[in-house]
Amino acid sequence: MTRIKIDPVTRIEGHLRIEAEVSGGKVTEAWASGTMFRGIEKIVEGRDPREAWIWAQRICGVCTTVHAIASVRAVEDAIGATPPPNAELVRNLIAGSQLVHDHVIHFYQLHALDWVDITSALKADPAKTSRLAQSISDYPSSSPTYFSGVVNRLKTVADSGQLSLFASGYWGHPAYRLTPEENLLAVAHYLDALEWQRDVIRIHALLGGKNPHPQTFVVGGMATPIDPNSPQAINPAAIDFLRARIESMRTFIAQVYIPDVLLVASAYPDWTTIGGNTRNFMTYGGYGTGSVSDTATYLFPRGIIMDRDLAHVLPMDQEKISEQVARSWYSYPGSGEATALHPYQGVTDANYTGPTPPYQWLETNGKYSWLKAPRYGGAVMEVGPLARVLVAYASGVPAVTKVVNSTLKKLGVGPAALYSTLGRVAARALESAIVVEQLSAWVDELDHNMTFGDLRIADTTKWDPSSWPSSARGFGPHEVPRGALGHWVEISDGTIKNYQAVVPTTWNASPRDAQGQPGAYEQALVGTPVADPTRPIELLRTVHSFDPCLACAVHVLDAERAGERTIVTVEAGR
Amino acid sequence: MFLNQSLPERLEERGVSRRAFMAFCGVMASTLALPASYRTAIAEALGTVRRPVLVWRQFQDCAGNSESILRSPQPDVAQIVLETLAWNYHELIMAGSGEQAEAQSTQAVRDFKGQYIAVIEGAIPTGDGFCTIGGRSALDLAREVAGNAKFTLAVGACAWDGGIVQHGPTGGQGVQDVVPGATVVNLGGCPHNPVNTVAVLVHYLTFNEMPALDQYNRPLFAYGDLIHDQCERRAYFDAGLFVESWGDEGHRKGYCLYKMGCKGPIATYNCPNVRWNDGTSWPVQAGGTCIGCASHDFWTNSSPFYGRLPNVSGFGADTTAETVGVGLLVGVTALMAAHGVGKGLQAARARETAGASTEEAGTPEAGAPPVEAAAPAAEATAEDGVAEPPPPQTPDTGSEGGRDANQD
């Protein structure tokens, strides 16, 4: 039995530590720990709920926008503001482009190097790589010259003896299985993706002023005026700008992202049987054609799957969500440790009892993480692209069943293969292709509304706090790249009384709970092979397949108002 | 530690022409407020064969500043700076994890002590356990990495003054507060604008020193001018044309957002000029307000974000633009003096504007020298809790001298 640790887990957002027991070349038990705490939820207490999104957005700069959207939705739910259709469309365009952008960056910049050996690419034959590329895709950058240019670029860096970001990789590890040409193809697309992402995210700059942290959300709508005759508003030129970038997304997904995911999946078929173990899945749903309050129009339905029973998609009831801190560095008041609190009653009282740094090991028998343990009806849930795709697949959504079935057929595997490390990778790529079609539909609708004179962008009837009830509370769900994000707000006399966020990575990277149930990462890692405990790349594959975002998972906004400092809790997520 | 090829040679191999490279150098010269002729000097400096080591450490962060640097504009060409440096450690995107990753940081500190560039993102807590990486505390790591660097770039609000994190229960602070001996350049903003950060690096590579800094150790070229003075909606402010509610006619026509809570009149940054995401837009252009995110402790000073700036007495439906102008200019002039910002030029501009907009009102402050006007106005705004606090030292330390020196 060997004990291993990975700290920091890199190529993620935030600070994550994994400890694991390895026996007989496989993981027998694992612990996931978030090692950083800021305390953002409490910060918004006592403030104007209309500005909560500005604070909450800072929970995460990778999942930028997602906390802003969940926040304005929660406040709108509380005060009864109804964003007009154009505002919903602009938010959808921001959220949808965020999802696509984020998934591509995840695959290439954050995940690919678990599967791709960059040093092997140096040995590739550019002509052979060109033939390989042209056999799997119409992507025009596929000539021998293009690939020899990439090889030269790599050689320049390698010959310098300074490998920069690539210096620390696990190159030559026996777990790498792609041919030199396949590696070169992937490295070329790693570099192309870097360039592509910079351009397509300009959608956020156009609609939000900047990315990260767009600046145009408003409770009740958006601060992006629409006027076909004004250069200072969303106008026909802006629509063209959006369409061009959506087309660029569509092309990149179809010609680069999906072919590369299939290439990796074909080379690592055993990874459709590794990294599963999770059995319950939850999604709030979204990305529909109508209002966010009309769940019937959602492209990805809201729902729960328990124990992998695809025959029965259960309704999601947010009242069943609760959080525990038995194994987390927090205290709950009163009875304490075994308590499960709904977010409306949520408390975030930090109480670090871990080892004094520098330390070698966490006390995993006790408290060991800054993440709380969210549970649904007491059960551990996996959230994210796989949960969305599974619920949509089980619900018979045509756009989803079609691409899932054709992909499974191409790979020669059954639906059970989805419950795996590669299942998460594939779900992310497939939903990107589906969402990009929605982006086109949304921009068409926005164009149509503008052309026919519907210029409404905000419901301002509830802008004045005197129009609000003296007390109100609201729930803001948002299905974001990493899964189900929820914000809960309680408003009293025009200011925030309590604010809580439960974030996707908190669900997935959660520590054990009072009953000792491991979180989703901890479950998924069991059984993962480990060829070399000093270079545990296999664990990274499974952890990265969830696309961890730890800043979200441990989000605390601390409320400090009127000279009073209280500990508040905010969980964010995406 | 050096490459065998110069940067233009490496770029040409990648199909980036000399012409495109020179265009990039021109953009950098412009961002740095240098005369266009400096384009050649920048090109020569970037063309030399050297590759300093850079270590980017993230502590109590949201990775927004890392994401921002990934959006560094002009794809093939702005990556120059990434390829000009040996980017040895960056949790968000580096290949290795765990011990293999940490070894990159400790080796850089050991092998290039006093020579490498540190970049710090996020606040740093001083209490045990709030942020550990590889089992070590953020404070320990920050002292090691920033304390042994040639200089440290604190990117984003959190690494500068603690940002949003300092308002939380951990009391996380900025680099300069927890590593007192470090040479720190603060690049505030939430997040930092990568154009400015790249420009600072280019300036260092070209002149082997930092650009001129203000009393907060921020580069003047980026933080020396008021948003309000650079804003494309300024003419509407002067004309008294304002957005009154979201999506109204004035909003659609691009009127001034002052009444919606815009903090442009008290915030300095070069947002309106360099903009974001390859020059696409910036918050006010898109229709939102400026939240003053590049100002000191903006979370304290800009919230309530929808509140109108103070000292605009009697502002209402029947208030004239002239009245607005008077009130604001007192605060604005005070702020400029407080910041020691581009004293000569800005004061002249403020006096001109003040003279124009307050002609009828004839307030005594309008024509007063900015430093004298500063004291009472700064007090007044501080009481309202919105304007930035007075600076910790003499207002004009190093400000105008710095920029002039650049141009010599």
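So, how was this worked out
- Residues numbered from 1 in each chain as written.
- Chains lettered and ligands numbered in written order.
- Predicted model: local features only at pLDDT ≥ 70, side-chain atom pairs only at ≥ 80, totals over all residues.
- Pairing = 2+ DSSP bridges.
- Helix = DSSP H or I, 4+ residues; strand = E, 2+ residues; numbered from the N terminus.
- Axes fitted to C-alpha atoms, helices over the stretch in contact; angles between N-to-C directions.
- Buried ≥ 20, exposed ≤ 12 C-beta atoms within 10 Å, placed from the backbone.
- Arc of directions from axis to C-beta.
- Contact = placed C-beta atoms within 7 Å.
- Core = buried A, V, L, I, M, F, W, Y, C linked by C-beta atoms within 7 Å.
- Domains from an automatic or database assignment.
- Nonpolar A, V, L, I, M, F, W, Y, C, P; charged D, E, K, R; others polar.
- Parallel < 35°, antiparallel > 145°, perpendicular 65-115°, else oblique.

Participant: Talk me through the pairing of strand 12 (residues 471-480) of chain A; I want residue IDs and the actual numbers.
Facilitator: It is a general feature of regular strands that their side chains alternate between the two faces of the sheet. All names here are of chain A. Judged from the ten bridges that link them, strand 12 and strand 13 (residues 483-492) form a sheet pairing that is antiparallel. Within strand 13, the residue paired with A472 across the bridge is I491. Count of turn residues in the strand 12/strand 13 antiparallel hairpin: two residues.

Participant: Outline the sheet that holds strand 2 (residues 16-23) of chain A, listing residues and values.
Facilitator: Residue and element names in this part refer to chain A. The three strands lie next to each other as 1-2-3, forming an open sheet whose pairing is antiparallel. Of all strands in the sheet, those with a lone pairing partner are strand 1 (2-6) and strand 3 (26-34), marking the two edges. Taken over all neighbouring pairs, the strand axes of this sheet differ in orientation by 20 degrees on average, direction set aside. Two elements, strand 1 and strand 2, share five bridges in a ladder whose sense is antiparallel. Counted as the bridge partner of I6 is I18 from strand 2.

Participant: Summarise helix 3 (residues 38-47) of chain B; cite the residues concerned and give the values.
Facilitator: Among the residues making up helix 3 of chain B, those that are buried are Y38, I42, A43, A45 and L46 of chain B. What you see down the axis of helix 3 of chain B is that its buried residues fit within an arc of 165 degrees, all on one side.

Participant: Talk me through the interface of chain A and chain B; I want residue IDs and the actual numbers.
Facilitator: Between chain A and chain B, the contact holds 89 residues from the first and 77 residues from the second. Sorting the residues of the side of chain A that touches chain B by element identifies strand 1, helix 1 (52-56), helix 5 (144-159), helix 6 (180-200) and helix 7 (202-208) of chain A as the ones contributing at least two each.

Participant: Please set out the nonpolar core residue by residue, giving values where relevant.
Facilitator: Judged by nonpolar contacts, the single largest core of 303 residues is most densely connected at L93 and L390 of chain A together with A142 and V175 of chain B. Examining the composition of this core, we find that 14 residues originate from one element, helix 11 (residues 421-451) of chain A, more than from any other. For this core, the domains that each give at least three residues are domain 1 (7-211) and domain 2 (223-407) of chain B.

Participant: Describe the domain arrangement of chain B, and please don't skip the residues or the numbers.
Facilitator: All names here are of chain B. Partitioning chain B into structural domains gives domain 1 (7-211) and domain 2 (223-407). Of the residues lining the interface, 19 residues belong to domain 1; the matching set on domain 2 comes to 16 residues. Within the residue set of the side of domain 1 that touches domain 2, elements represented by two or more residues are helix 8 (156-161) and helix 10 (194-207). Among the residues forming the side of domain 1 that touches domain 2, the class breakdown is nine nonpolar, eight polar and two charged.

Participant: For the packing of helix 3 of chain B against helix 10 of chain B, give the residues involved together with the corresponding values.
Facilitator: Residues and elements named next belong to chain B. Viewed as axis vectors pointing N to C, helix 3 and helix 10 meet at an angle of 80 degrees, and their least axial separation amounts to 8 Å. Between helix 3 and helix 10, the angle is such that the two are roughly perpendicular. For the pair helix 3 and helix 10, contact is made by A41, I42, A45 and L46 and by V202, L205 and T206, respectively. A class-by-class count of the residues in the contact of helix 3 with helix 10 yields six nonpolar, one polar and no charged.

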